[in-house]
Each structure stands twice: as structure tokens, then as C-alpha cells.
Protein chains: 2
Amino acid sequence: MKRDPSRAQAIEPASTRDGHRRASIGARRSPQAEEAILDAARALLAERGYSGFSIDEVARRAGAGKPTIYRWWPTKADLFIDVYSAEKSAALVPPETGALWSDLLAYTRALWAFWRDTPSGRTFRALIAEAQASTPALVALRDKFLPERLKDVRHMFDEAAARGEIRPEAVPHLLPLYIGFNWYRLLTDQIADDPEDITIMARTLAGTPQ
Amino acid sequence: MKRDPSRAQAIEPASTRDGHRRASIGARRSPQAEEAILDAARALLAERGYSGFSIDEVARRAGAGKPTIYRWWPTKADLFIDVYSAEKSAALVPPETGALWSDLLAYTRALWAFWRDTPSGRTFRALIAEAQASTPALVALRDKFLPERLKDVRHMFDEAAARGEIRPEAVPHLLPLYIGFNWYRLLTDQIADDPEDITIMARTLAGTPQ
């Protein structure tokens, strides 16, 4: 059976970039099987986190063959990325408060709630950990997942630059500070909601007097 | 043989806090064996990183028993912390340039060189990854290792506050931004020396016009 590229494109939106194809020759993806595998992976990450995660266990729970999983998700990182991306948070949209500091405050609170209240926090921690163990995982995280995921964050900073709140040239240097702050808090499990603490971070980053 | 607490204290400076004792009853540590184990662990991390690291292989290379290793370092994180702490960088001292931005520039360049040019970068990445897999590892990283390691960084910010460059109340909020930035760059393998890029980050954080 020949692979149908348009079909594969439809169900593998993120996998065909970077020359990083998921499906091997003759693999047609079944949406039912894909969903069962993603569900099993999400549940396993929620229950056991990174240390208790294994493709063996995902295969067992999903009633799928390991070769099928590896054909569709060559690395654990690819699977983590799809689990994370499938999780939806209605609150996780760029706010339009009119000021960078209050945009950052609202967005950060929503992001941390998303990380706490869904398996997403554990999934993202697993993805970052996996990227320390495997170069393909690092490339998938840094060059594929992050640029896509960070569009909303970039938008907030770009809008602030357009309003004259920050210099446009500062945006590429403020972004890593904001990203790094959130990674550090997540990776050290310090993401309890703390509006005052987040406000001061946001005002510091926005250069707004307090 | 009874454990000698004063001796254990001398060779286990970081391990007896937080109720997290390394040695079990009757374990007297041999400095030679300890050094052989740390050397083997450092070499293995340098060669293979987190994914290729195992206590089995450290034991084999050091000619030590696994029970000995586990008695002295109950978790991989404890071992990673001691490997990291044993690495010395003469350049990694708080600079005294007279301004926060130039202190941060000099310190960050030295830190990244330390991470690049010694096994320390891979060791720290392994430590952070392990902290995502194990709660004792997370506690060891966040509550034991970091507060000790970050004294120099805190000193730079405190000095800047004392000079009136930044408000003292801002220090606890600038620190996580600085730490997070460095973690993000390390964890995504973006720590090539780039004085201009680091300068802009440092000026952004110090609130110094560019």
C-alpha cells in the first residue's frame, strides 16, 4: 500500500517538517489507533511522569504494537509533543490588556494553571528531560515545537513594541528571559499561582515602574 | 565498624543536610574509592551524557561495588551534584566591574565557557533531567545544590542594589530571570560564546540603557 502524502499531511501536521518523517513506507495511520496511543501516553505521563514512562506500557494500554508507535513517533519526544499539543486550554490565549506587564501577568497565570491542572506540566517536563538524553529530541523541542508554541508569547512582546512600551530590538532578548523564567519555575516545581510574585516578574521584564 | 560522624561530615559536606544522609550504618568512606567513583562518573557523563549514564557502568569503571556507590550517593542526582561541585573554574568568580550589566556579562561568559569546556554542562543537564524523573533528585537540586551554587550570582545582584543600580526588593525577582535564562540556553544547547547577545541580555536585566 502506498503512502498517501496528503492524508499523511492531514494527520501529521507537525511531523513532516525538518525532514523528520514519522511514517515509514506503507504506513497508513489509523485515527482511532492514534487517539488510543495518545490517550494512553497522556494518562501514563499524568500518573507516573517521566521516570515511569515507557513505550512498552503505552503499547500495552493502547492495545497497539510497539512497531506501530515507533513508526508514527520515532522518538519519545515526538510523542510527548503530540500529547502536549492535543491538550487544550481555553484560557491560554494572548490577552489584550493594553500593557505588556498585565499581558504577561494574565498569560503566565493561565500557563501555570494549564501546567498544573492538566497533564501538560508533567508532559513538558518529560519533553525537556528527554531533550537532555537525545539529540533528535532536543532538535524536535528547540527547532520544531518551541517556535510554533511561542507564537502567542512573541505576539505579546511584538504588540508592546508596536505600542512603544519596549524597543523592537529588545524583543529577541526579552523572550529568552521570559521563557527561561517559566522553564525554571516548572522544572523546579514552583508554579503555584502567586499573582503578586508573577506581577513583579512581569513588571521587571516590561520595565514598568512598580 | 561504627560510623564516625565527624569523619563523615568532613567528606560529605553537602550530603548530611535536609535529613538526606548518604552513608548507612557502618559505612566508612574511602577517599580513594570516592575519587575513583567520581572520576568514573565524570568521564562517563562527558562521553555519553545523561542517556548513556548508569551506576552499573560507573561501578565497572571505578572497580567499585554498586552497593558502595548507592550507600554513598543514594540517588544519581547526589552523584551528579558531587561531580559538578568537584569541577573547578578559576574564571567562575563574581567579577567586580562596578556595574551589574558588565558583572553579568563577564560572569555569564565564564559560566558558559565552564559548561562548554568541562563535563559540567553535560553534568548539569543530567542533573536537571534527573530532577524531572525523581522527587528526591528535585529536592536535592532545588533545596540543596542551587542555594549553595547561586551565592555568587546573588552577590552580584546584592552589590548592584547596594550601589543603587537596582532596588533591593527587585533582587529576588531578577534572580529567577537570570537563572532561567541560563538554564534555557543550556538545556537547548545554545551556549556558544556571543558577547553581543549576552551583553544585551545583561543590560536588559540590569535596566541599563543600551
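Residues numbered from 1 in each chain as written. Chains lettered and ligands numbered in written order. Predicted model: local features only at pLDDT ≥ 70, side-chain atom pairs only at ≥ 80, totals over all residues. Heavy atoms only, no water.

- Where an unreviewed UniProt entry is consulted, chain A appears under the name AcrR family transcriptional regulator, with the organism given as Xanthobacter agilis.

**Some words on the relation of the copies chain B and chain A**
- The transformation that overlays chain B on chain A combines an axial shift of 0.0 Å with a rotation of 180 degrees, and the residual RMSD is 0.0 Å. Classification of the inter-copy transformation places it as that of a two-fold axis.
- Of all interface residues in chain B, 100% are interface residues in chain A too; the two copies therefore contact each other through one and the same surface. (Least-squares fit on C-alpha atoms with pLDDT ≥ 70 in both. Contact = heavy atoms within 4.5 Å.)

**Some points on unusual backbone geometry**
- Residues other than glycine seldom take positive phi values, yet Asp189 of chain A does so here, at roughly 55 degrees.
- Among the secondary structure elements, Asp189 of chain A is positioned in the loop between helix H10 (171-187) and helix H11 (195-206). (Helix = DSSP H or I, 4+ residues; strand = E, 2+ residues; numbered from the N terminus.)

**Digging into the pattern of salt bridges**
Residues and elements named next belong to chain A.
- As enumerated under the stated definition, the model contains 28 salt bridges over all chains in all.
- Close ionic contact of Asp197 with Arg185 constitutes a salt bridge, the shortest N to O distance being 2.8 Å. One end of the pair, Asp197, is in helix H11; the other, Arg185, is in helix H10, with 12 residues separating them in the sequence.
- Accessibility expressed as a relative area gives 12% for Arg185, which makes it buried.
- Residues joined by salt bridges that share partners form a network here, namely Glu47, Arg48, Glu57, Arg60 and Arg61. (Salt bridge = Lys/Arg side-chain N within 4 Å of Asp/Glu carboxyl O. Buried < 20%, exposed > 50% of the residue type's maximum accessible area, 1.4 Å probe, protein only.)

**Points about the side chain of Thr108 of chain B**
- Structurally, Thr108 of chain B is set in helix H6 (residues 100-117).
- Looking at Thr108 of chain B, its side chain comes within polar contact range of the main-chain oxygen of Leu104 of chain B, at 2.5 Å. (Polar contact = N/O pair within 3.5 Å; in protein donor to acceptor, adjacent residues only side chain to side chain.)

**Points about the packing of helix H6 (residues 100-117) of chain A against H10 of chain A**
Residue and element names in this part refer to chain A.
- Contact pair H6 / H10: the axes reach a minimum separation of 12 Å and the direction vectors enclose 35 degrees. When you trace H6 past H10, the crossing you get is right-handed. Contact residues: Leu104, Tyr107, Thr108, Leu111, Trp112 and Trp115 in H6; Tyr178, Phe181, Asn182, Arg185 and Leu186 in H10.
- Residues that form the contact of H6 with H10 fall into these classes: eight nonpolar, two polar and one charged. (Axes fitted to C-alpha atoms, helices over the stretch in contact; angles between N-to-C directions. Left-handed = near helix turned anticlockwise from the far one by under 90°. Nonpolar A, V, L, I, M, F, W, Y, C, P; charged D, E, K, R; others polar.)

**A closer look at the UniProt feature "DNA-binding region" (unreviewed entry) in chain A**
- Feature annotation in UniProt assigns "DNA-binding region" (unreviewed entry) to the following positions: residues 54-73 of chain A.
- Summarising residues 54-73 of chain A: 75% helix, 0% strand, and an end-to-end C-alpha distance of 13 Å. (UniProt positions renumbered as here; feature names shortened; annotations may be inferred.)

**What to know about helix H3 (residues 55-62) of chain A**
All names here are of chain A.
- Listed as buried for H3 are Ile55, Glu57, Val58, Ala59 and Ala62.
- Looking at the packing, one finds that the buried side of H3 touches helix H2 (31-48), helix H4 (66-72) and helix H5 (76-86).
- Count one or two residues on from H3 and you reach Gly63, which has phi positive near 65 degrees.

**Here's the deal with the interface of chain B and chain A**
- Facing the 31 residues of chain B at the interface are 31 residues of chain A.
- Taking both partners together, chain B and chain A bury about 3000 Å²; carbon and sulfur atoms supply 69% of that area.
- Between the two partners, chain B and chain A, sit zero salt bridges.
- Where chain B touches chain A, the interface holds 12 residue pairs in polar contact (both at pLDDT 80 or more).
- It is helix H10 (residues 171-187) of chain B that provides the largest number of residues to the side of chain B that touches chain A, a total of 10 residues.
- For the side of chain B that touches chain A, a count of residues per class yields 18 nonpolar, eight polar and five charged. (Buried area = accessible area lost by both parts, 1.4 Å probe.)

**Observations regarding the nonpolar core**
- Counting residues in hydrophobic clusters, the biggest one holds 138 residues, and the most contacted among them are Phe124, Phe157 and Trp183 of chain A together with Phe124, Phe157 and Trp183 of chain B.
- For Trp183 of chain B, the residues in contact, after removing those within four places along its chain, are Tyr184, Leu187 and Thr188 of chain A together with Phe124, Ile128, Leu141 and Leu146 of chain B. (Core = buried A, V, L, I, M, F, W, Y, C linked by side-chain atoms within 4.5 Å.)

**Quick notes on the environment of Arg122 of chain B**
All names here are of chain B.
- Relative to the helices and strands, Arg122 resides in helix H7 (residues 120-133).
- Since its relative accessible area comes to 37%, Arg122 is described here as partly exposed.
- Separated by 38 residues in the primary sequence, Arg122 and Tyr84 have C-alpha atoms spaced 9.5 Å apart.
- The contacts of Arg122, once residues within four sequence positions are left out, are Leu45, Ala46, Glu47, Arg48 and Gly49.

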